[in-house]
Amino acid sequence: MQEYLDLYVRLIGAQVRSEMQYRASFVAEITGNLLVTGLDFAMLLILLNRFTAIGGWTLPQVAFLYGTSAVSFSLAELFVGNYDDFDQQVVRGDFDRVLIRPLPVSFQMVAGAFPLRRFGRLIQGVAALVLALIWLQPDWNAGQWCFFGVMILGGALFFGAIFILGATSAFWSPQMNEVANIFTYGGTFMTSYPMSIYAVWLRSIFTFLIPMAFINYYPSLYLLDKPDPFGLPAWVPFLAPLVAIISLRLALAAWQMGVRHYQSTGS
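Just so we're clear, the structure is a prediction, and the values are computed from it rather than from any experiment. (Residues numbered from 1 in each chain as written. Predicted model: local features only at pLDDT ≥ 70, side-chain atom pairs only at ≥ 80, totals over all residues. Heavy atoms only, no water.)

(A) Representation of the packing of aromatic side chains. According to the stated counting rule, one finds 25 aromatic pairs in the structure shown. Both rings, one in Phe86 and one in Phe171, keep their centres 5.2 Å apart while their planes meet at 65°; by these two values the pair is edge-to-face. Taken together, the residues Phe86 in helix H4 (residues 86-92) and Phe171 in the loop between helix H8 (142-169) and helix H9 (177-190) connect sequence positions 85 residues apart. The same class applies to Phe86 and to Phe171, which are both buried. Counting every residue linked through ring pairs, the aromatic cluster contains Tyr83, Phe86, Phe95, Phe171, Trp172, Trp255 and Tyr262. Looking at Lys226, its charged tip hangs above the ring of Trp57, at a distance of 4.9 Å from the centre. (Phe/Tyr/Trp six-rings, centres within 6.5 Å; stacked < 30°, edge-to-face > 60°. Helix = DSSP H or I, 4+ residues; strand = E, 2+ residues; numbered from the N terminus. Buried < 20%, exposed > 50% of the residue type's maximum accessible area, 1.4 Å probe, protein only. Lys NZ or Arg CZ within 6 Å of the ring centre and 35° of its normal.)

(B) Region of the structure containing the packing of helix H3 (residues 59-80) against H8. Where H3 contacts H8, the axes come no closer than 8 Å and their chain directions differ by 50°. The pairing of H3 with H8 is recorded here as oblique in orientation. Every pair of crossing elements has a handedness; the one defined by H3 and H8 is right-handed. Packed against H3, whose contacting residues are Phe64, Thr68, Ser69, Val71, Ser72, Phe73, Leu75, Ala76, Glu77 and Val80, the element H8 presents Phe148, Met151, Ile152, Gly155, Ala156, Phe159, Gly160 and Phe163 at the interface. Of the residues that constitute the contact of H3 with H8, the class distribution is 12 nonpolar, 5 polar and 1 charged. (Axes fitted to C-alpha atoms, helices over the stretch in contact; angles between N-to-C directions. Parallel < 35°, antiparallel > 145°, perpendicular 65-115°, else oblique. Left-handed = near helix turned anticlockwise from the far one by under 90°. Contact = heavy atoms within 4.5 Å. Nonpolar A, V, L, I, M, F, W, Y, C, P; charged D, E, K, R; others polar.)

Following this line, the structure appears as structure tokens:
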């Protein structure tokens with residue numbers, strides 16, 4: 001395990017040094033990414049400044065949802081973002097080279113890209129989350145602060161699972177990656193708002209079928225001491241870490257099956 005960790009650090013370090021060779025371009029990409037993603041939060045501020053609350057959630061509370069979703073998504077994007085364009089790797093035949101290298105396939109996928117330009121989204125998410133916490137001034141105990149950290153990590157694992165499942169679909173149909181984007185980039189938008197604003201059928205899908213509500217909504221109900229409008233038991237928010245781990249395990253199992261059944265493009 002330590003051997004792979006050392007190798008991962010060396011590979012990521014090489015990529016970082018490579019990107020930093022063109023510092024002006026790097027800074028421009030980070031700034032552009034920060035400004036583009038910041039527009040989403042600006043829209044949220046404008047909307048709630050006009051209506052003061054949405055679905056019974058105030059501006060600081062919605063900002064908390066937005067920040068936790070953005071940070072979790074950004075972490076997943078940084079560490080498993082190489083799965084995001086896997087459909088193109090299959091089409092170009094690049095994945096064939098991965099299979100002949102003497103390293104585990106999943107390790108190569110994780111270590112194959114560390115997109116520093118996406119730090120712009122992470123910075124913006126952290127800024128929104130810090131602002132929300134300043135507004136809320138939560139009086140949490142040590143256990144709640146720990147749960148807050150677990151929520152962020154669990155959300156990252158869940159988004160990572162979606163990235164991996166989207167990549168897995170490319171083994172059978174590369175065009176399916178666009179469908180996966182609905183649940184990655186679309187998912188971070190949806191989880192930026194309280195589930196109570198969505199139609200019942202949509203809430204049911206994203207609670208019981210594709211449990212994205214466990215990324216931050218149910219944990220936030222506990223942390224912000226808000227009642228559950230759907231009447232679920234009080235222990236439901238504590239299922240979030242388990243849901244994230246199970247989702248990731250299922251995604252990895254599907255990925256391994258796809259790798260076993262992969263046939264070269266022949267290019």
